[in-house]
Amino acid sequence: MTDVVLPCLNEAPALPWLLTRLPPGYRAIVADNGSTDGSADVARAHGAEVVSVPEPGYGAAVHAGLLAADPDDGVVCVLDADGSFDPAVLPRLADPVRAGAAELVVGRRRPTTRNAWPAHARLGNAVLSQRLRRTTGLPVHDIGPIRAARKSDLLALGLRDRRFGYPLELLIAAGQAGWRVTEIDVAYHPRAAGTRSKVTGTVRGTARAIRDMSAVLAR
């Protein structure tokens with residue numbers, strides 16, 4: 001069984017399609033980060049385990065979902081709960097980790113439409129990715145929200161960020177630990193109707209994420 005952690009904040013419209021698209025052998029853990037739209041009930045109705053995460057922040061949700069995953073030496077995937085990724089792609093990320101070919105596999109977002117990834121968010125991501133490559137030497141071009149690694153390895157990194165800096169801190173720590181990191185292209189779709197991105201949906205949200213990630217780079 002491969003656990004899939006889905007950090008979630010008001011993603012009820014996206015969850016039915018998302019959860020029914022999980023490949024066989026993949027189990028959903030929805031880390032509900034204070035949703036007020038019934039996301040937790042929708043997730044349970046579609047067979048997901050739901051973990052309530054009172055501490056706000058993307059990193060807090062991912063960490064809580066990771067702690068709920070089982071077993072300790074198993075592969076864990078993480079992807080957003082907004083419908084922007086097709087869960088059918090998850091074996092492409094998990095299989096290299098399971099086979100011992102990489103410690104971490106991350107997705108490089110390839111927008112399927114012009115509106116899937118707003119220009120301001122894409123630009124911010126490109127700047128941070130360039131700084132990351134220069135700092136760590138990792139061959140990555142996206143601080144993306146879809147990835148796979150072993151639970152025990154992730155916990156051993158001791159990541160501290162509980163906000164939007166979590167994905168960047170993970171990559172920096174993986175580089176420092178000498179992990180083999182592989183990046184694969186992943187189709188990036190528009191979010192499900194009725195949901196709104198906390199990062200790419202507004203310039204303010206993107207600026208907040210860049211601020212959190214820049215603080216991680218400055219440590």
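Look above for the structure.
Here's a quick rundown of the structure. Treat the numbers as computed from the prediction; the structure is a model and nothing was measured.

**Observations concerning the pairing of strand 1 (residues 2-8)**
Burial within strand 1 is extensive, with 7 of its 7 residues counted as buried. Here strand 1 shows a buried face lined by Thr-2, Val-4, Leu-6 and Cys-8 and a second buried face lined by Asp-3, Val-5 and Pro-7. Where strand 1 meets strand 2 (residues 26-32), 7 bridges bridge the pair, whose relative direction is parallel. Its bridge partner being in strand 2, Cys-8 is matched across the sheet by Asp-32.

**Concerning the pattern of salt bridges**
Going through the model one piece at a time under the given rule, you end up with 11 salt bridges. The partner of Glu-49 in a salt bridge is Arg-27, and the shortest N-O contact between them spans 2.6 Å. With Glu-49 in strand 3 (residues 49-52) and Arg-27 in strand 2, the pair connects residues that are 22 residues apart, well separated along the chain. For Arg-27, a relative accessible area of 26% translates into the label partly exposed.

**A few points about the side chain of Lys-151**
Relative to the helices and strands, Lys-151 is located in helix 6 (residues 151-156). Lys-151 sits in the buried class, given a relative accessible area of 4%. A distance of 3.5 Å separates a polar atom in the side chain of Lys-151 from the backbone oxygen of Leu-66. Beyond its immediate stretch of four places on either side in the chain, Lys-151 contacts Leu-66, Leu-67, Ala-69, Asp-70, Pro-71, Asp-72, Gly-74 and Val-76.

Thresholds applied
- Residues numbered from 1 in each chain as written.
- Predicted model: local features only at pLDDT ≥ 70, side-chain atom pairs only at ≥ 80, totals over all residues.
- Heavy atoms only, no water.
- Buried < 20%, exposed > 50% of the residue type's maximum accessible area, 1.4 Å probe, protein only.
- Helix = DSSP H or I, 4+ residues; strand = E, 2+ residues; numbered from the N terminus.
- Pairing = 2+ DSSP bridges.
- Salt bridge = Lys/Arg side-chain N within 4 Å of Asp/Glu carboxyl O.
- Polar contact = N/O pair within 3.5 Å; in protein donor to acceptor, adjacent residues only side chain to side chain.
- Contact = heavy atoms within 4.5 Å.

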